Structure formats: C-alpha cells, structure tokens
Amino acid sequence: MKNIVCFDTETTGVDTQKDKIIQIAMVKFDRNNFETIDKLNSYIIPDGEWDIPQEAIDVHGLTKDFILKNGVPIKEIANKIINFFNDCDILTYNGNSFDVAILLNNLNAIGINWNLPDCKYYDAFIIEKQLHSFKLTDVYKRYYNEDFAAHDAFADVNATIKVFKKQLEINQEQIENSNLDILSPEGFIKRNDSGEIVFAKGKYANKTIYEICKTDKDYINWLWYKSNISEITKNNIKKAYQSKNNK
C-alpha cells in the first residue's frame, strides 16, 4: 500500500480561487506502522500582490511582516511540495475540499498546471462523521444508551431536549461561550462579537453584510436569485445593509 502524506495550510483567506497559502505543513508516514518518513514545514511568500486581512491573522496569528521575514517564495518551493506527494495517498482534516483546491490554484497561478497523483483522498473529519452518525437517534443512543420512538415529532422534540441537557452537562462553558448568534434558518448570517451582522459561511465568512453589498453586488444578486436562502435571511441582509447605509 502507498505511504500517506498528511498536509495542512494556513492562508490569507477562505477563497480557494483568490487567496494565498502562507504556510504549508506536510508529513509523510508509513501507513502500516505510522512512522514518519519525511516532513516539511515552510512559510510561503505568495507571488504577486497579496495581504493578510486581520480576520485571518486572528485565526492563525501570521502577519505579513512575519511571512516576509521567515518565508520562502512559492516559486522556490513549488517543486519540493509537488515531489513530496509522489506515489502517496493524501490525508487532511476537513481539508479535501479546501487545502487540496487552494494548493492546486496557487500553483496554477505561478504557471504550474499540476494535477495531484492518482491516489486516495482521506479526510479524517468526514471519516469521523461517517463513523459517528449525527442522526438524532444515534446521538441519543450515544448519550443515553437507549432507543426512542424516532420520527414522531413529539418524541423527537423530547429527545432533542435530553440531548441538549447532556451536552450542557458535559460542555456547558464551551457551549455558552460559542458564537451562536445565528440570524438565519440555514445558518448563513450571524452577529459577530462586535455586534455587526456578517456572513457565517461561504467565501465571505466573517465579512460584514454592508461591506459585501458595497463591493460585490454580483454575489448579492446570486444570493437573491440563484441560491436557496430563505426570505428571513434576505430580510436580515436588507436590514443590516440599510441600518449602516442610513448612518
């Protein structure tokens, strides 16, 4: 069987098409005994114009000055990264849809049209979800070691309350301190710690509604006419924009 490369990136943002990798860490290991074969950990200076927004710095703590001082230009390390993957399968944690994509796009941006080798793509996050189902019946059984009459609405409600009770008993501080101020049924917008209404997910996660309404009207039009967001979400986006635009 092939060896496995586990890798992760830190980036300037969450847009796989536009944002830049500023750190890549890679470990190649023997899948039979999990012994490390090789490793690479490098800060990367992106090609062309780039910056690191404060919201990204708040996540990983990497500033532009630090990267310029400690990094290697991506063109100098590109071939080393590519060769690291030779004849290996790939492992990430919730990264197959992000880290793999942003790596390919960053290489493509410097003229390297590289396709990852024919391999298996393991994602430990997806595997965990498959192994430990989040269906209400399964979660309830994990907490209480018993079944309940699923798919009866009243039984589902009571089971949900009991699951929440157990979650609070185990992780109350973490739950209470979580940013759960979601303002849309599909979890698409939320209120951040500063009280501003921001996108909760998507390519503009943590960007304010007002900012995106001003700078990317095409995206707002797509939300309105081609996505499946609810009228509640649309109304909250309108209110967020209007409240700031009227100041």
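Read on for a plain summary of the structure. (Residues numbered from 1 in each chain as written. Predicted model: local features only at pLDDT ≥ 70, side-chain atom pairs only at ≥ 80, totals over all residues. Heavy atoms only, no water.)

1. Considerations on the layout of surface pockets
Of the volumes computed, that of the largest pocket is approximately 860 Å³. For the largest pocket, the lining is made up of 28 residues, of which Thr12, Gly13, Val14, Asp15 and Ala205 are closest to its centre. Of the residues forming the lining of the largest pocket, the biggest block, 6 residues, is contributed by helix 1 (residues 54-60). Split by residue class, the lining of the largest pocket holds 9 nonpolar, 10 polar and 9 charged. Here the second largest pocket defines a volume of roughly 180 Å³. As for the second largest pocket, its lining consists of 11 residues, of which Glu196, Ile197, Ala240, Ser243 and Lys244 are closest to the centre. Where the lining of the second largest pocket is concerned, the elements lending two or more residues are helix 8 (209-215) and helix 10 (231-245). Top element by residues in the lining of the second largest pocket is helix 10. It accounts for 3 residues. Here the residues of the lining of the second largest pocket sort into 4 nonpolar, 3 polar and 4 charged. (1 Å grid on protein atoms, 1.4 Å probe; cavity = no way out; pocket = protein on both sides within 12 Å on 5 of 7 lines; lining within 4 Å. Points joined across faces, edges and corners; volume = space filled by probe spheres on them. Helix = DSSP H or I, 4+ residues; strand = E, 2+ residues; numbered from the N terminus. Nonpolar A, V, L, I, M, F, W, Y, C, P; charged D, E, K, R; others polar.)

2. Brief notes about the pairing of strand 3 (residues 36-45)
Pairing analysis gives 7 bridges linking strand 2 (residues 21-29) to strand 3, with the strands arranged antiparallel. Residue pairing in the sheet places Met26 in a bridge with Leu40 of strand 3. Linking two consecutive strands that pair antiparallel, namely strand 2 and strand 3, is a turn of 6 residues; a positive phi of about 60 degrees is found at Phe34 within it. Relative to strand 4 (residues 72-73), strand 3 runs parallel, the two sharing 2 bridges. Directly across from Ile45, in strand 4, lies its bridge partner Pro73. (Pairing = 2+ DSSP bridges.)

3. As for the sheet that holds strand 4
Taken together, 6 strands build an open sheet; the order of strands is 4-3-2-1-5-6 and the sheet is mixed. Strands at the two margins of the open sheet, each flanked by one partner only, are strand 4 and strand 6 (121-123). The sheet contact formed by strand 1 (residues 3-11) and strand 2 spans 8 bridges and is antiparallel. Bridging from a neighbouring strand, Phe7 pairs with Met26 of strand 2. The sheet strands contacting helix 3 (residues 74-84) are strand 1, strand 2, strand 3, strand 4 and strand 5 (88-92), and the helix crosses strand 3 at an angle near 155 degrees. (Contact = heavy atoms within 4.5 Å. Axes fitted to C-alpha atoms, helices over the stretch in contact; angles between N-to-C directions.)

4. Re empty space enclosed by the protein
Taken as a whole and assessed by the stated rule, the structure comprises 1 cavity of 30 Å³ or more. Computed from the structure, the largest cavity encloses a volume of approximately 30 Å³. Taken together, Lys20, Pro46, Asp47, Ile74, Asn106, Ala109 and Ile110 form the lining of the largest cavity.

5. A look at the nonpolar core
Membership of the largest hydrophobic core comes to 25 residues, with the highest contact counts inside it found for Phe7, Ile24, Met26, Ile81, Phe85 and Leu103. Within the residue set of this core, elements represented by two or more residues are strand 1, strand 2, strand 3, helix 3, strand 5 and helix 4 (99-109). Here the element with the most residues in this core is helix 3; it accounts for 6 residues. Setting aside its immediate chain neighbours within four residues, Ile81 contacts Ile24, Met26, Ile44 and Leu103. In terms of nonpolar packing, the next biggest core, distinct from the first, is built from 16 residues, Leu183, Ile209, Leu223 and Ile237 among them. (Core = buried A, V, L, I, M, F, W, Y, C linked by side-chain atoms within 4.5 Å. Buried < 20%, exposed > 50% of the residue type's maximum accessible area, 1.4 Å probe, protein only.)

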